[in-house]
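# Commentary on secondary and tertiary structure
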Amino acid sequence: MDRTLADASLVIEIKLSMLVSMKFLSIFCMQDYLNSIDYILLDIDGVILDQDFDNKFWQNFVPNQYAIKNKLDTKKAKLLFQKESDKTKGSIDWYNLYYWEKKFDLDLVAIAKNHADEISLLPKSLETIKKLKKTKKIIYLTNCDPRLVRVKDEVCDFLQYADGWLSSIEINSIKENIWYWRHVIQIFQLIPQKCLFIDDNYEIVMQAKNAGISSLHAIQPTKSINDKLALKKGSINRISDLVD
């Protein structure tokens, strides 16, 4: 990274950390910070949508369907999927529906649609995005397969509020890799110092920071976590904290 860019990013990061670490963060202070931002970059699952669906999808719905199709014990089917998950974690295959469909001969889009009633928004997520969109460009950045994103959008209708969105599958690189961020900056012609990124995965948050993008760690990815949690520097409960 260019020395000047790194220094500028550090200054912004320090200011942001000071703001979000305050026990009583005023709307005025956050708004003052947001005035310096042009682009809000958002993860989808665990930031806009309740992460609970993805957890159930991969841990229950998919292996259960495999067990039914192949007349296997459900516990055995889950162990097979867990073994493959452990092998592919940290790679693009872990997120790629085609990989899993070919491996286990399943239609994962059909499975997702059969359980679409489990897909839901996190509290105030769309309301927050609508407010931010009045003065900011909104871009969704996700590792989720685009086919699965569209199934989720059919239920929650969130894509319409994005000025752009990108799945890692489309560029064959996941958000945990620094190359991904260099590609994103180029694709959307972003100025890192003018961007704020929010994700529920801490490793991804750190990679975005390494690319010069100020980032916040969202620590309430499911509705089951309702209480306000103790915040560390660089973290928020949910994106609604930006406007509440």
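Preceding this section is the structure that the text describes.
Reading the values: rules and limits
Residues numbered from 1 in each chain as written. Predicted model: local features only at pLDDT ≥ 70, side-chain atom pairs only at ≥ 80, totals over all residues. Heavy atoms only, no water. Helix = DSSP H or I, 4+ residues; strand = E, 2+ residues; numbered from the N terminus. Buried < 20%, exposed > 50% of the residue type's maximum accessible area, 1.4 Å probe, protein only. Areas by Shrake-Rupley, 256 points an atom, 1.4 Å probe, with all protein chains shown as cover. Axes fitted to C-alpha atoms, helices over the stretch in contact; angles between N-to-C directions. Parallel < 35°, antiparallel > 145°, perpendicular 65-115°, else oblique. Left-handed = near helix turned anticlockwise from the far one by under 90°. Contact = heavy atoms within 4.5 Å. Nonpolar A, V, L, I, M, F, W, Y, C, P; charged D, E, K, R; others polar. 1 Å grid on protein atoms, 1.4 Å probe; cavity = no way out; pocket = protein on both sides within 12 Å on 5 of 7 lines; lining within 4 Å. Points joined across faces, edges and corners; volume = space filled by probe spheres on them. Pairing = 2+ DSSP bridges. Salt bridge = Lys/Arg side-chain N within 4 Å of Asp/Glu carboxyl O. Phe/Tyr/Trp six-rings, centres within 6.5 Å; stacked < 30°, edge-to-face > 60°. Lys NZ or Arg CZ within 6 Å of the ring centre and 35° of its normal.

### Overview of the overall build of the protein chain
- A tally of regular secondary structure across the protein chain gives 11 helices and 6 strands.
- Relative to its 244 residues, the protein chain shows a buried fraction of 51%.
- As presented, the protein chain carries roughly 12,400 Å² of accessible surface, and 52% of it is formed by carbon and sulfur atoms.

### Comments concerning the packing of helix α4 (residues 74-88) against helix α5 (residues 97-104)
- One can describe the packing of α4 onto α5 by two numbers: an axis separation of 13 Å at closest approach and a directional angle of 135 degrees. Between α4 and α5, the angle falls in the class oblique. Two packed elements cross with a definite hand, and for α4 against α5 that hand is right-handed. Of the residues in α5, those in contact with Leu-80, Phe-81, Glu-84, Ser-85, Lys-87 and Thr-88 of α4 are Tyr-99, Trp-100, Lys-103 and Phe-104.
- Grouping the constituent residues of the contact of α4 with α5 by class yields 5 nonpolar, 2 polar and 3 charged.

### Re the layout of surface pockets
- Reported here for the largest pocket is a volume of approximately 880 Å³.
- Lining the largest pocket are 31 residues, and of these Gln-51, Asn-55, Trp-58, Trp-94 and Tyr-95 lie nearest its centre.
- For the lining of the largest pocket, the elements supplying multiple residues, two or more each, are α3 (52-70), α4 and α11 (202-210).
- Taken together, the residues of the lining of the largest pocket break down into 10 nonpolar, 9 polar and 12 charged.

### Here we look at unusual backbone geometry
- Non-glycine residue Asp-157 carries a positive phi angle of around 50 degrees.
- Secondary-structure assignment places Asp-157 in the loop between α8 (146-156) and β3 (164-167).
- What makes Asp-157 partly exposed here is its relative accessible area of 40%.
- Positioned with a positive phi, Asn-172 is a non-glycine residue whose angle comes to about 60 degrees.
- The exposure class assigned to Asn-172 is exposed, which follows from its relative accessible area of 56%.

### As for the environment of Ser-240
- Inspection of the secondary structure puts Ser-240 in the segment after β6 (235-236).
- Residue classification places Ser-240 among the buried positions, given a relative accessible area of 7%.
- The spatial distance from the C-alpha of Ser-240 to the C-alpha of Ile-48 is 9.9 Å, given a sequence separation of 192 residues.
- Among residues more than four places away in sequence, those in contact with Ser-240 are Lys-124 and Thr-128.

### Looking at the pairing of strand β1 (residues 39-42)
- With 4 bridges joining them, β1 and strand β2 (residues 137-142) adopt parallel strand pairing. Paired with Leu-41 across the two strands is Ile-139, which belongs to β2.

### Quick word on the pattern of salt bridges
- One pass over the full model with this rule turns up 14 salt bridges.
- Between Lys-56 and Asp-52 there is a salt bridge, and its shortest N-O distance comes to 3.2 Å. Of the two residues, Lys-56 and Asp-52 are both situated in helix α3; the distance of 4 residues between them amounts to about one turn of the helix.
- With a shortest N-O distance of 3.5 Å, Glu-84 and Lys-87 are connected by a salt bridge. Note that Glu-84 and Lys-87 are positioned in helix α4 at a spacing of 3 residues, about one turn of the helix.

### Notes on the packing of aromatic side chains
- Across all of its chains, the model carries 14 aromatic pairs by this definition.
- Ring plane angle 50 degrees and centroid distance 6.3 Å describe the contact between Phe-53 and Phe-61, whose orientation is recorded as tilted.
- A residue is classified by how much of its surface remains accessible, and Phe-53, at 2% relative accessible area, is buried.
- The exposure class assigned to Phe-61 is buried, which follows from its relative accessible area of 12%.
- Ring geometry for Phe-81 versus Trp-100: centroids 6.0 Å apart, planes at 10 degrees, classification stacked. One end of the pair, Phe-81, is in helix α4; the other, Trp-100, is in helix α5, and 19 residues separate them in sequence. Taken individually, Phe-81 and Trp-100 each receive the classification buried, so the pair is uniform in this respect.
- Through successive ring pairs, a cluster of aromatic residues spans Phe-53, Phe-57, Trp-58, Phe-61, Tyr-66, Phe-81, Tyr-99, Trp-100 and Phe-104.
- The ring of Tyr-98 has Arg-147 sitting right over it, with the charged end atom 3.8 Å from the ring centre.

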